[in-house]
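# Fold and geometry: a report
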Amino acid sequence: MRLKSAIFVSALIRRAQVEGAYAVVRRKGAEEAGAVFVKVALLDGTAAFYGPAPQSEIDESFPADRLFSPILGPGTPEADVEARIQKEVRFDPDLWLVEIEDRDGRSFLDLAKA
């Protein structure tokens, strides 16, 4: 059974804050099962953007509740990330968007192996 999206997002924000990063919910989605997307701003005009990993990338033996994969990698201009966010919101208005500001570019997510 999966954690509700609201609980997962709260835990992600707490984890980032404990590690010294700033994290905030920019868009609140469906409480139970809204897709979660994460923007990581490096505070130099660049960012990374992560979304749910495709089912084909999920290893059933991996214990993580949710796996993510990069949609736009670190070093992408923030304007490009923002444009992609708008595209995702048009496709799924019930998504969650978390923004993390961290100079080291840490996402605090479990990433799928590519």
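Our structure is the block above this text.
Let me begin by describing the structure that accompanies this report. (Residues numbered from 1 in each chain as written. Predicted model: local features only at pLDDT ≥ 70, side-chain atom pairs only at ≥ 80, totals over all residues. Heavy atoms only, no water.)

### Topic: the sheet that holds strand 5 (residues 96-101)
Pairing within the open sheet is mixed, and its five strands lie in the order 1-5-2-3-4. The open sheet has two free edges, formed respectively by strand 1 (22-27) and strand 4 (68-77), since each of these has just one partner strand. Strand after strand, the sheet turns through a mean of 20° between neighbouring axes, direction not considered. With four bridges connecting them, strand 2 (residues 36-41) and strand 3 (residues 46-52) associate as antiparallel partners. Each residue of the ladder has a partner; that of Ala-41, found in strand 3, is Ala-47. On top of the sheet, helix 1 (residues 5-18) reaches strand 1, strand 2, strand 4 and strand 5; it is set at about 5° to strand 5, its chief contact. Here helix 2 (residues 78-91) sits on the sheet and contacts strand 1, strand 2, strand 3, strand 4 and strand 5; the angle it forms with strand 4, its principal contact strand, is near 145°. (Pairing = 2+ DSSP bridges. Helix = DSSP H or I, 4+ residues; strand = E, 2+ residues; numbered from the N terminus. Axes fitted to C-alpha atoms, helices over the stretch in contact; angles between N-to-C directions. Contact = heavy atoms within 4.5 Å.)

### Some remarks on the pairing of strand 5
Counting buried residues along strand 5, five of its six residues qualify, which places the element largely inside the surrounding structure. Pairing analysis gives six bridges linking strand 2 to strand 5, with the strands arranged parallel. Note on strand 5: the bridge partner recorded for Val-40 is Ile-100. (Buried < 20%, exposed > 50% of the residue type's maximum accessible area, 1.4 Å probe, protein only.)

### Brief notes about unusual backbone geometry
With a phi close to 65°, Leu-43 is a non-glycine residue in the positive phi region. Within the secondary structure, Leu-43 is located in the loop between strand 2 and strand 3. For Leu-43, a relative accessible area of 40% translates into the label partly exposed.

### Observations regarding the environment of Tyr-22
Structurally, the position occupied by Tyr-22 is in strand 1. Between the alpha carbons of Tyr-22 and Ile-100 there is a distance of 5.6 Å; along the sequence they are 78 residues apart.

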